[in-house]
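Secondary and tertiary structure notes
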Amino acid sequence: MSDDSSNALFEPKIIGFLCIWCAYAGADKAGSSQEPYPPNLQIIRVTCSGRVDPQFVLSCFQNGADGVMIMACHPGDCHYKEGNCRALQRQRMLLRILRQFGIEEQRCRLEYISANEGGKFREVVTDTVENLKKLGKLRHALPLDPVLSAAAGNHPASP
Ligand code: FES
């Protein structure tokens, strides 16, 4: 965590992978219902949260993201049956990898948002921005291939 003085002006960069069937429509709903949410989220539309390869997330962190959000259909609502279950399994694996490299779990968040949950969309984005402001800028570098590196037991020395 960085000090409060530097965090006051810090605006985290967040990449959001949003399923087009639910969360993307939820984001649209937030916009049309005039539920403003922080502009820190850069949205990437995906056809299903199960399409989010863990390498996409790691690549975001390697390229300057302070946080990544994966937003999926609620359990039982995935148009491809198990995509959101796979997304949850992958997110758990990602959290283990991030932990090994000293990266806080709060930087990688999975949420279930339906098409009519514009209010929930606004709340989780706002909450994530606030959490990341407290954590500060991501200062830990991920190796080029963190999956292999973690599997080999290599991780950076403690700060
Ligand atoms: S279709 Fe939305 S998470 Fe699979």
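Now for a look at the structure at hand. (Residues numbered from 1 in each chain as written. Predicted model: local features only at pLDDT ≥ 70, side-chain atom pairs only at ≥ 80, totals over all residues.)

Focus on the pairing of strand β3 (residues 67-72)
Defined as follows: With C-beta atoms placed from the backbone, a residue counts as buried when 20 or more other C-beta atoms lie within 10 Å of its own, as exposed when 12 or fewer do, and as partly exposed for counts between those limits. Where helices and strands are cited, they refer to DSSP runs of H or I of at least four residues and of E of at least two residues respectively, numbered from the N terminus. Strands qualify as paired when DSSP identifies two bridges or more between them. Handedness rule for crossovers: strands pointing away from the viewer, path from the first strand over the helix to the second running clockwise, crossover right-handed.
Among the six residues that make up β3, six are buried, leaving the element largely enclosed by the rest of the structure. Two elements, strand β1 (residues 14-19) and β3, share five bridges in a ladder whose sense is parallel. Each bridged residue has a counterpart across the sheet, and for Gly16 the counterpart in β3 is Met69. Traced from β3 through helix α4 (residues 83-100) to strand β4 (residues 108-112), the parallel crossover comes out right-handed.

Quick word on the environment of Ala65
Going by this rule: Once C-beta atoms are placed from the backbone, any two residues with those atoms within 7 Å are in contact.
On the secondary structure map, Ala65 appears in the loop between α3 (54-62) and β3. Aside from chain neighbours lying at most four places away, what touches Ala65 is Lys13, Ile14, Ile15 and Cys60.

So, the nonpolar core
Just so we agree on the cut-off: For this analysis, nonpolar core means a set of buried Ala, Val, Leu, Ile, Met, Phe, Trp, Tyr and Cys residues linked through C-beta atoms within 7 Å.
Leu18, Cys19, Ala23, Val68, Ile70, Met71 and Ala72 are the most contacted members of the largest nonpolar core, which totals 42 residues. At the level of secondary structure, the elements contributing two or more residues to this core comprise β1, α2 (23-32), β2 (41-46), α3, β3, α4, β4 and α5 (118-135). Cys19 has contacts with Tyr24, Val46, Cys48, Ser49, Met71, Ala72 and Cys73, leaving out every residue within four places of it along the chain.

A few points about α4
Rules: Expected helix span is taken as 1.5 Å per residue step, with the number of steps being one fewer than the number of residues. This arc is built from the directions going out from the helix axis to the C-beta atoms.
For α4, with 18 residues, the first-to-last C-alpha span of 26 Å sits near the 26 Å given by 1.5 Å per residue. Looking only at α4, the buried set comprises Gly83, Asn84, Ala87, Gln91, Leu94, Ile97 and Leu98. Down the axis of α4, the buried side of the element spans an arc of 125°, and every buried residue falls inside it. The exposed set on the far side of α4, more than 90 degrees from its buried face, consists of Arg92 and Arg96. One or two steps after α4, the chain reaches Gly102, where phi turns positive at roughly 75°.

Observations regarding the packing of α2 against α5
Using the following cut-off: A fitted line through C-alpha atoms represents every axis, and for helices the fit uses only the stretch in contact; the resulting angles, taken between N-to-C directions, go from 0 to 180 degrees. Angles below 35 degrees are treated as roughly parallel, those above 145 as roughly antiparallel, those between 65 and 115 as roughly perpendicular, and all remaining angles as oblique. Classification convention: Asp, Glu, Lys, Arg as charged; Ala, Val, Leu, Ile, Met, Phe, Trp, Tyr, Cys, Pro as nonpolar; all other residues, Gly among them, as polar.
Taken N-terminus to C-terminus, the directions of α2 and α5 make an angle of 95°; their axes are 7 Å apart at the nearest point. When the axis of α2 is compared with that of α5, the two are roughly perpendicular. Taken together, the residues of α5 that come into contact with α2 (itself represented by Ala23, Gly26, Ala27, Lys29 and Ala30) are Gly118, Phe121 and Arg122. Looking at the contact of α2 with α5 residue by residue, the classes come out as four nonpolar, two polar and two charged.

A short note on the environment of Leu9
Structurally, Leu9 can be placed in the loop between α1 (4-7) and β1. Residue classification places Leu9 among the exposed positions, given that 7 C-beta atoms sit within 10 Å. Along the primary structure Leu9 and Lys133 are separated by 124 residues, whereas in three dimensions their C-alpha atoms are 8.7 Å apart.

Here's the deal with the sheet that holds β4
Each strand in a sheet pairs with another by means of backbone hydrogen bonds, the pair being arranged parallel or else antiparallel. Sheet architecture is open: four strands sit in the order β2-β1-β3-β4, paired in parallel fashion. In this open sheet, the two edge strands, each paired with only one partner strand, are β2 and β4. Between one strand axis and the next, the sheet turns through 20° on average, direction left out of account. This element, α2, spans β1, β2 and β3 of the sheet and lies at about 110° to β1.

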